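The chain contents come next:
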Amino acid sequence: MMIFQAVGCKASPPESVEPEFVIKSGRIVVDRDEFFDELDLKLLAYPYNIKDYPNDYNTMIMDLVMGLTEQCQLMNAAQQKGIAVSDQEVDQAEKRLRQDYPDDSFEQMLLENAVSYRVWKEKLRKNLVIEKLVYTQLDEAITITPDDLVSYYKTLNDGNLDGENPVFWMEEAQLKALGEQLLTGLKREKRQALYGEWIEQIKTAYPAQINEKEVTRFLLNPHKEKDGFDD
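Structural notes, computed from the coordinates. (Residues numbered from 1 in each chain as written. Predicted model: local features only at pLDDT ≥ 70, side-chain atom pairs only at ≥ 80, totals over all residues. Heavy atoms only, no water.)

What follows covers the overall build of the protein. Within the protein, the secondary structure is distributed over 9 helices and 4 strands. The linear arrangement of helices and strands in the protein, starting from the amino end, is α-β-β-β-α-α-α-α-α-α-α-β-α. Buried residues in the protein amount to 34% of all 231 residues. Looking at the protein alone, contacts between residues at least 24 apart form 76% of all its contacts between residues at least 6 apart. Only carbon and sulfur atoms are counted for the fraction: they give 51% of the accessible area of the protein, which is about 14,400 Å². (Helix = DSSP H or I, 4+ residues; strand = E, 2+ residues; numbered from the N terminus. Buried < 20%, exposed > 50% of the residue type's maximum accessible area, 1.4 Å probe, protein only. Contact = heavy atoms within 4.5 Å. Areas by Shrake-Rupley, 256 points an atom, 1.4 Å probe, with all protein chains shown as cover.)

The following block contains the structure:
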């Protein structure tokens, strides 16, 4: 049971979870088909012959289970808090990402990696929801003063803030752009500092269930992994 307790989960008895459910948190569910889709995406980062190495393969599967469990908990939190993204927001994010792929290279990338457009776009939508949740929740706890920005700028420039520094010769528009860049960077650092404690609170407030029987279906030589599920 240890592996589930580490992420605020509990292994659910077969009768309490429908067999096709692999992971769930509240009304957010990863079913067998979605787990297969996520596995296809995960495999892109591994050697094609990873199944020849059962221990490594099973470690990858359990890593995927843990990642999807956290995703379910975050999506559950977002749903409970009324945080969502519109189709327009998803389309705009897709347009920005496609700018890195000239001509039809985006479609080629999906084809070469055997990833369907549907699966890719749904993953994008979930990532945007989670990003909005993180920004909304953590930014409420972040306070940034002018002195913070000055200190942050000094840190980026090795403490140099004298008359020779380029900041003193910038036009108003350049100073505004620099200020926005500093604010964005400092907020990112402060979010990262707060994230660890915040995600543990999310896992406690929005617990997840993992269907042992379904996870076992994805393992190689699953009897050898039984210790991962036992109390």
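So, about unusual backbone geometry. In this structure, Asp 103 takes a positive phi of about 55° despite not being glycine. For Ala 114, which is not a glycine, the phi torsion comes out positive at approximately 55°. Within the fold, Ala 114 resides in the loop between helix H5 (105-112) and helix H6 (117-139). Ala 114 gets classed as exposed once you look at its relative accessible area, which sits at 63%.

The contact between helix H3 (residues 54-80) and H6 brings their axes to 9 Å, and the two run at 65°. Note on packing geometry: the crossing formed by H3 with H6 is left-handed. Listed contacts from H6 to Gln 71, Leu 74, Met 75, Ala 77 and Ala 78 of H3 are Lys 123, Arg 125, Lys 126, Val 129, Ile 130 and Leu 133. Class assignment for the residues of the contact of H3 with H6 results in 7 nonpolar, 1 polar and 3 charged. (Axes fitted to C-alpha atoms, helices over the stretch in contact; angles between N-to-C directions. Left-handed = near helix turned anticlockwise from the far one by under 90°. Nonpolar A, V, L, I, M, F, W, Y, C, P; charged D, E, K, R; others polar.)

Between helix H2 (residues 32-43) and H6, whose axes approach to 11 Å, the crossing angle comes to 90°. In terms of orientation, H2 lies roughly perpendicular with respect to H6. Taken together, the residues of H6 that come into contact with H2 (itself represented by Glu 34, Asp 37, Glu 38 and Leu 41) are Arg 118, Val 119, Lys 123 and Lys 126. Split by residue class, the contact of H2 with H6 holds 2 nonpolar, no polar and 6 charged. (Parallel < 35°, antiparallel > 145°, perpendicular 65-115°, else oblique.)

Overall, the coordinates contain 6 aromatic pairs when judged by the stated rule. A ring pair is formed by Phe 35 and Phe 218, whose centres lie 4.3 Å apart and whose planes are at 45°; its orientation type is tilted. With Phe 35 in helix H2 and Phe 218 in the segment after helix H9 (212-217), the pair connects residues that are 183 residues apart, well separated along the chain. In terms of burial, Phe 35 and Phe 218 fall into one category: buried. Ring centres 5.6 Å apart and planes at 75° place the aromatic pair Tyr 101 and Phe 106 in the edge-to-face group. Pairwise contacts between aromatic rings join Tyr 101, Phe 106, Tyr 117 and Trp 120 into one cluster. (Phe/Tyr/Trp six-rings, centres within 6.5 Å; stacked < 30°, edge-to-face > 60°.)

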